[in-house]
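Chain residues, written in single-letter form:
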Amino acid sequence: NDFDGNYFERQVGGYGQLRYPLSRYSRVGATTYLRWRDKDKFLTRERRRSFLVSQFFSFVSDNSLWEPTGPLDGHRVNFTIGGTYAVDEGRVNDWTLLADIRKYQRLGRHSAFATRLYAYKSGGIDPRRIYHGGSWSFRGYSRREWYVPKILFVSNELRFPLINRLLVGLPIGNLGFSAIRGAIFNDAGAAW
């Protein structure tokens with residue numbers, strides 16, 4: 001990866017997940033990962049072998065109303081907290097906090113104003129880094145522009161129809177396009 005460079009890593013393990021619905025639109029969940037990791041960084045000659053136990057707790061709420069090109073109304077919320085403990089080393093390997101809040105305000109049958117706030121932070125001896133950048137996160141930058149443990153990001157987007165249905169006649173039949181949408185957006189954030 002972009003942070004560690006070239007390395008060899010083998011992981012063996014499994015995970016379990018429990019989810020409990022609070023209502024039709026919200027739930028709480030717990031996820032546990034157990035794994036043995038052997039990571040060998042070739043250039044620095046650093047090798048770490050450890051037995052890791054990860055535990056994450058989440059609250060998720062989602063009542064968004066979708067059309068083929070994305071959500072138009074409602075909200076989506078995900079709050080997650082968790083960490084990883086290196087059992088054989090007797091220490092916390094990493095901890096993670098995540099907040100992903102999205103609100104969709106319908107403006108018409110196929111138009112909406114979407115707002116998103118995303119915050120991610122990981123720390124510890126080996127913090128979890130995530131990729132950020134590209135059309136699904138920070139537009140205007142390359143996909144996977146950053147590989148970092150801390151992100152704060154906000155996005156506002158006006159979604160609107162450009163072409164609802166377009167038929168092009170060809171000698172062998174019609175070629176159709178539908179639900180082509182446009183967006184005007186503003187993204188702002190920091191990754192470090």
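Residues numbered from 1 in each chain as written. Predicted model: local features only at pLDDT ≥ 70, side-chain atom pairs only at ≥ 80, totals over all residues. Heavy atoms only, no water.

Q: Tell me about the overall build of the protein chain, residues and numbers included.
A: Secondary structure summary: the protein chain contains zero helices and eleven strands in total. Ordered by position in the sequence, the α and β elements of the protein chain form the string β-β-β-β-β-β-β-β-β-β-β. The principal-axis extent of the C-alpha atoms belonging to the protein chain is close to 65 × 45 × 35 Å. By residue count, 31% of the 192 residues in the protein chain fall in the buried class. Taking as baseline every contact in the protein chain between residues at least 6 positions apart, the subset at least 24 positions apart corresponds to 52%. Side chains of the protein chain carry 29 positive and 17 negative charges; the gap between the two charge centres is 5 Å. (Helix = DSSP H or I, 4+ residues; strand = E, 2+ residues; numbered from the N terminus. Buried < 20%, exposed > 50% of the residue type's maximum accessible area, 1.4 Å probe, protein only. Contact = heavy atoms within 4.5 Å. Lys, Arg positive; Asp, Glu negative; His and termini not counted. Charge placed at Lys NZ, Arg CZ, Asp CG, Glu CD.)

Q: Break down the pairing of strand 3 (residues 46-62) for me, with residues and values.
A: Summarising the sheet, strand 2 (residues 26-41) and strand 3 pair through 16 bridges and their orientation is antiparallel. Within the sheet, the bridge partner assigned to Arg27 lies in strand 3 and is Val60. (Pairing = 2+ DSSP bridges.)

Q: Lay out the packing of aromatic side chains in plain terms, naming residues and giving numbers.
A: Overall, the coordinates contain seven aromatic pairs when judged by the stated rule. Geometrically, the ring pair formed by Tyr141 and Trp146 is tilted, given 4.9 Å between the ring centres and 50° between the ring planes. Tyr141 gets classed as partly exposed once you look at its relative accessible area, which sits at 41%. Joined through ring pairs, the aromatic side chains of Phe138, Tyr141, Trp146 and Phe153 make up one cluster. One cation-aromatic arrangement involves Arg139 over Phe185; the distance from NZ or CZ to the ring centre is 3.9 Å. The positively charged end of Arg144 is found above the aromatic ring belonging to Tyr131, 4.2 Å away from the centroid. (Phe/Tyr/Trp six-rings, centres within 6.5 Å; stacked < 30°, edge-to-face > 60°. Lys NZ or Arg CZ within 6 Å of the ring centre and 35° of its normal.)

Q: Provide a residue-level description of the pairing of strand 10 (residues 150-170), including the pertinent values.
A: In this structure, strand 7 (residues 112-123) lies alongside strand 10, joined through ten bridges in antiparallel fashion. Pairing of Lys121 across the sheet is with Lys150, part of strand 10. In this sheet, strand 11 (residues 173-191) lies alongside strand 10 in antiparallel orientation, the contact comprising 18 bridges. For Leu158, the partnering residue across the bridge sits in strand 11 and is Ile184. Two successive antiparallel strands, strand 10 and strand 11, enclose a turn made up of two residues.

Q: Could you give an account of the nonpolar core, with specific residues and numbers?
A: By size, the foremost hydrophobic cluster in this structure holds seven residues: Leu98, Tyr118, Tyr120, Phe138, Val148, Ile151 and Phe153. For this core, the elements supplying multiple residues, two or more each, are strand 7 and strand 10. If near-sequence neighbours (up to four positions away) are discounted, Phe138 is found in contact with His132, Gly133, Trp146, Phe153, Asp187, Ala188 and Gly189. (Core = buried A, V, L, I, M, F, W, Y, C linked by side-chain atoms within 4.5 Å.)

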